[in-house]
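Results of the structural survey
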Amino acid sequence: MSAHGVKCMLMRGGTSKGTYFLADDLPRDPGERDDLLLRIMGSPDPRQIDGVGGGHPLTSKVAVVSRNGAGVDYLFLQVSVDQALVSDRQNCGNLLAGVGPFAIERGLVAATDGQTAVPIRMTNTGGRAIAHVPTPAGVVEYAGTTSIDGVPGTAAAIVLDFEDTAGSSCGALLPTGQVQDVIAEVPVTCVDNGMPTVVLRAADLGVRGDESPTELESDQRLRELLERVRLEAGKRMNLGDVSDLTVPKLTIVSPPRSGGVIATRTFIPHRVHASIGVLGAASVAVAAALPDSVAAGIADPSGGPRMRIEHPTGALEVEVELDGERVRRTAIVRTARKLFDGTVFPRS
C-alpha cells in the first residue's frame, strides 16, 4: 500500500480541512488503519512536514465513508498533530459538510438534477444527518454565493439537518443530570447536542472572552485550570478518563459584541479554535437557550431558534428548537470545496 499510495480526496468542509477516503481503500483493522493515517498525515510532528496534515487540529482530520443502503456511513477520525494518536470519540460537523459531495463524487449516492439529499449515519455516535447538496444537471456544484465566517470567498450552500444529536456521545443532552455544575470551583454547564461541550463564563475565569486564540493559548494559568475542569467533567459526562481524548471541548462564553446571541472561545481541547465547530456550536446554542445555564444572563435567544454564535473570526448560524430540555431540531448551513483528488503516498 505504501508503494502504490492510497486514493484520497482533500476537501475543505466548513472551517476545517481533511482527507476523505472510501472505507474499502483503507485497512479494515483499526490499528493498521490508524498507523497508516498517522503516516499519511505526518504525525507525530508539530509541522506534519512529512505528510499532508496542516500542523493544526483543524487541518489534521479524516473522513472515512462507505455505502449504507440509500445513504452513507461516515466515520470521523481526529489525527493528533504532535502525538501518535488517532481518536474516533467524537463527530465533526465541519467535515460532515463534505461527506455528501464526496459520496456523490465517488458514486455512492446517485445525484439528481437540482439538489440531492444524502442520508448520513455518523458512526462515531450513531447520530444521523441529511446533507442537501446542490447538483445541477446531476453534478456537484461547489461554486456559489454563500459565505461562512472563517473561510475566504463564497461557495455553494450545503444544508445539514441533524437527527438524534442530543446525548449522542454522553447518553443525555445534560449528561450530569443538571443544567449547572461546579467543577474546580468554576460554574459550568455540561451539554451534548452532538459534541460533548463544557460551557464556562469568561468572567468566572478571569478573562474578557474576546481575547485572540494566541492570547488564550499563552495563558498558562488558564490552560491548567481548564484542563482540571475538563478531566473532571469527562468523568461526570460519562466519558471516563479523557486524558488522551479530544473531548469534551471547553467553550468560554461572554456577551456578544457583533449582534450575535453569544460570543465564544473554544479549546479543542488545548488549542483554541479559530472559529467554532458545527456540533460544538449546536451544543453552545442549547446552553444559550436554557434559562438556568451558565449562559443565562449573557445570551440573548429572543430572536427565535436561529442563533448567531460569535467566534474569533466571525459567527456561525445554527437553528436549535427545544421543548423544555429536549431537542426537537438542529440544523445548520455550511459550505465545502474539493481541493484535490488523487493518490496520497504515506511515509514508509
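Residues numbered from 1 in each chain as written. Predicted model: local features only at pLDDT ≥ 70, side-chain atom pairs only at ≥ 80, totals over all residues. Heavy atoms only, no water.

1. Focus on helix α2 (residues 93-105)
- At V99, α2 is deflected by roughly 30°, the largest bend along its length, and proline P101 occurs up to four residues later in sequence.
- Counting buried positions along α2 yields 12 of 13 residues, so the element is predominantly enclosed.
- Buried within α2 we find G93, N94, L95, L96, A97, G98, V99, G100, P101, F102, A103 and I104.
- Backbone geometry just downstream of α2 places G107 in the positive-phi region, at approximately 80°. (Bend = angle between axes of the 7 residues up to and from the residue. Helix = DSSP H or I, 4+ residues; strand = E, 2+ residues; numbered from the N terminus. Buried < 20%, exposed > 50% of the residue type's maximum accessible area, 1.4 Å probe, protein only.)

2. Quick notes on the environment of A131
- Secondary-structure assignment places A131 in strand β7 (residues 127-135).
- The class of A131 is buried, set by a relative accessible area of 0%.
- Spatially, the C-alpha atom of A131 lies 14 Å from that of V278, the residues being 147 residues apart in sequence.
- The residues contacting A131, other than those within four sequence positions of it, are T116, A117, V118, I120, I158, V159 and L160. (Contact = heavy atoms within 4.5 Å.)

3. Here we look at the pattern of salt bridges
- Overall, the coordinates contain 22 salt bridges when judged by the stated rule.
- A salt bridge links R236 to D181, with the shortest nitrogen-to-oxygen separation between them at 4.0 Å. In this pair, R236 is assigned in helix α5 (residues 220-236) and D181 in strand β9 (residues 181-183), connecting sequence segments 55 residues apart.
- Ionic pairing is found between R306 and E317, a salt bridge with its closest N-O pair at 3.7 Å. Highlighted residues: R306 in strand β14 (residues 306-311) and E317 in strand β15 (residues 314-323), separated in sequence by 11 residues.
- Of the residues examined, E317 reaches a relative accessible area of 37% and is grouped as partly exposed.
- Connected through shared salt-bridge partners, D161, R306, E317, E319, E321 and R329 make up one network. (Salt bridge = Lys/Arg side-chain N within 4 Å of Asp/Glu carboxyl O.)

4. Details of the layout of surface pockets
- Taken as a whole, the largest pocket holds about 600 Å³ of empty space.
- Forming the walls of the largest pocket are 38 residues, and the residues nearest its centre are P57, T246, I268, P269 and H270.
- Those elements that place two or more of their residues in the lining of the largest pocket are β4 (71-79), α2, β12 (249-254) and α6 (278-289).
- Here the lining of the largest pocket is built from residues that sort into 15 nonpolar, 17 polar and six charged.
- Considered as a void within the structure, the second largest pocket measures approximately 270 Å³ in volume.
- Lining the second largest pocket are 17 residues, with S147, I148, L316, E317 and V333 sitting closest to its centre.
- Listed by contribution, the elements that provide at least two residues to the lining of the second largest pocket are β14, β15 and β16 (326-334).
- Residue composition of the lining of the second largest pocket, grouped by class: eight nonpolar, two polar and seven charged.
- Taken domain by domain, the makeup of the lining of the second largest pocket includes at least three residues from each of domain 1 (6-164 + 335-344) and domain 2 (181-322). (1 Å grid on protein atoms, 1.4 Å probe; cavity = no way out; pocket = protein on both sides within 12 Å on 5 of 7 lines; lining within 4 Å. Points joined across faces, edges and corners; volume = space filled by probe spheres on them. Nonpolar A, V, L, I, M, F, W, Y, C, P; charged D, E, K, R; others polar. Domains from an automatic or database assignment.)

5. Topic: the packing of aromatic side chains
- In this structure the tally under the stated criterion is one aromatic pair.
- Geometrically, the ring pair formed by Y20 and F102 is tilted, given 5.7 Å between the ring centres and 45° between the ring planes. With Y20 in strand β2 (residues 16-22) and F102 in helix α2, the pair connects residues that are 82 residues apart, well separated along the chain.
- Exposure remark for Y20: the relative accessible area of 0% places this residue in the buried category. (Phe/Tyr/Trp six-rings, centres within 6.5 Å; stacked < 30°, edge-to-face > 60°.)

6. Topic: the domain arrangement of the protein
- We note that the domain assignment places domain 1 (6-164 + 335-344) and domain 2 (181-322) within the protein.
- Using C-alpha coordinates to define each centre, domain 1 is positioned 24 Å away from domain 2.
- Tallying the contact residues gives 16 residues for domain 1 and 23 residues for domain 2.
- Both sides of the domain 1 and domain 2 interface together cover about 1,500 Å² of buried area, and 57% of this is carbon and sulfur.
- On the domain 1 side of the interface with domain 2, the three residues burying the most area are R89, Q90 and D149, jointly 35% of the side's total.
- Summed over the shared surface of domain 1 and domain 2, the result is one salt bridge.
- D149 is the salt-bridge partner of R308, the closest N and O atoms lying 3.7 Å from each other.
- Our count for the domain 1 to domain 2 interface comes out at five residue pairs in polar contact (both at pLDDT 80 or more). (Buried area = accessible area lost by both parts, 1.4 Å probe. Polar contact = N/O pair within 3.5 Å; in protein donor to acceptor, adjacent residues only side chain to side chain.)

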